[in-house]
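A structural walkthrough
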Amino acid sequence: MSNSERKTLTFISRSSPHSSGKAKACLDMVLSAAVFDQTVNYIFMDDGVFQLLDKQTPATIHARNVSAAFPALALYGVEMVYVDEEALLDRGLHSDSLLADVEIKVCSAQQIQALIRQSETVFNL
Amino acid sequence: MNSANTTLHTVNKSGLQSGILASCLRIATRGDAILLIEDGVYAVAGCAVGSRLLEEKNSDITLFALREDLQARGLESSVPAQVKLIDYAEFVALTCSHSKTISWF
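Position numbers for residues count from 1 along each chain, tracking the sequence in the order it is written. Whichever chain is written first becomes A and whichever ligand is written first becomes 1, with later ones labelled in order. Only residues with pLDDT of 70 or above have their local features reported here, since the model is predicted, and side-chain atom pairs are shown and tallied only from 80 upward, although totals for entire chains, interfaces and linings are computed over all residues.

1. Considerations on the overall build of chain B
Numbering goes from the N terminus for both helices and strands, where a helix is a DSSP run of H or I of at least four residues and a strand is a run of E of at least two. Across its full length, chain B carries 4 helices and 5 strands. Mapped in sequence order, the helices and strands of chain B form the string β-α-β-α-β-α-β-α-β. Once C-beta atoms are placed from the backbone, each residue is buried if 20 or more other C-beta atoms lie within 10 Å of its own, exposed if 12 or fewer, and partly exposed for counts between those two. Split into buried and exposed, the 105 residues of chain B put 38% on the buried side.

2. Remarks on the sheet that holds strand E2 (residues 39-44) of chain A
Residue and element names in this part refer to chain A. By this definition, two strands are paired if DSSP reports at least two bridges between them. One open sheet holds the 5 strands; their spatial order is E4-E3-E2-E1-E5, and the pairing between them is parallel. Either end of the sheet is taken by a strand with one partner, and the two such strands are strand E4 (104-107) and strand E5 (121-124). Strand-to-strand twist across the sheet, computed as the mean angle between neighbouring axes with direction ignored, equals 25°. Looking at chain direction, strand E3 (residues 81-84) and E4 are connected through 4 bridges and run parallel. Bridge pairing links Tyr82 to Lys105 in E4. Axis lines are fitted to C-alpha atoms, over the contacting stretch for helices. Their N-to-C directions set the angle, which ranges from 0 to 180 degrees.

3. Notes on the sheet that holds strand E1 (residues 7-11) of chain B
Residue and element names in this part refer to chain B. Spatial ordering of the open sheet is given by E4-E3-E2-E1-E5, a layout of 5 strands whose pairing is parallel. Where the open sheet ends on each side, the last strands, each with one partner, are strand E4 (83-86) and strand E5 (100-104). Averaged over all neighbouring strand pairs, the angle between strand axes comes to 25°, with direction disregarded. Contacts between helix H4 (residues 88-97) and the sheet are confined to E1, strand E2 (33-36), strand E3 (62-66), E4 and E5, with E2 contributing the most and set at about 150° to the helix. C-beta atoms are placed from the backbone for every residue, and two residues are taken to be in contact when these atoms lie within 7 Å.

4. Looking at the pairing of E1 of chain B
All names here are of chain B. Judged by how many residues are buried, E1 sits mostly within the fold: 5 of 5 residues are covered. Side-chain alternation along E1 places Thr7, His9 and Val11 on one buried face and Leu8 and Thr10 on a second face that is also buried. With 4 bridges connecting them, E1 and E2 associate as parallel partners. Considered in E2, the bridge of Val11 is made with Leu36.

5. Quick look at the environment of Arg64 of chain A
Residues and elements named next belong to chain A. Summarising the element assignment, Arg64 is placed in the loop between E2 and E3. In this structure, the C-alpha to C-alpha distance between Arg64 and Asp54, residues 10 residues apart in sequence, is 15 Å. When residues no more than four places from it in sequence are discounted, the contact partners of Arg64 are Lys24 and Pro58.

Set out below in structure tokens:
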């Protein structure tokens, strides 16, 4: 794929992991974009930050483990995911309770705004 | 046609029932526009939380609301002056005049 076809796509995942298919849908879009060699910003805001919690056992409610795929993101060229610091704070979460095998950068609103400024397209799910 | 790297944010839920308006305002930045559609228009009318949120940012972000959605909900007369009312054709024009659109739903 030529450089001219390479775009920066931002995906904002704002849904909790097991209440709907949105978290999985967002992950699928991220992986699809990455497979097609696009630059991907994967941002977690609002209840989406719950996707990044360590020690989830969704099998106990017969749900699929969306988070299990996150460590594979690096293989697709998505080296890092971004998480909204305020969303963590509002939910009493600290970055040390998040997945250890994923590179997670905690971001301010300004940093998220900058990521969006750099992107051609933003998906918000 | 595109103004320099600006984003149009569309919000379709009221500020009370859902946190999306607050999230949108957190991410919206100088020069952006926020367009309230569907139940999003409640934020400019009856919803005190929504109005306060909008006031905090209205100096550097342009606020629009879709006239049809306000009319349908009986809200057209309660819109503050800083909110610009637009129709569907102007909605289309707004999407064209911004470099991208983020849909908050």
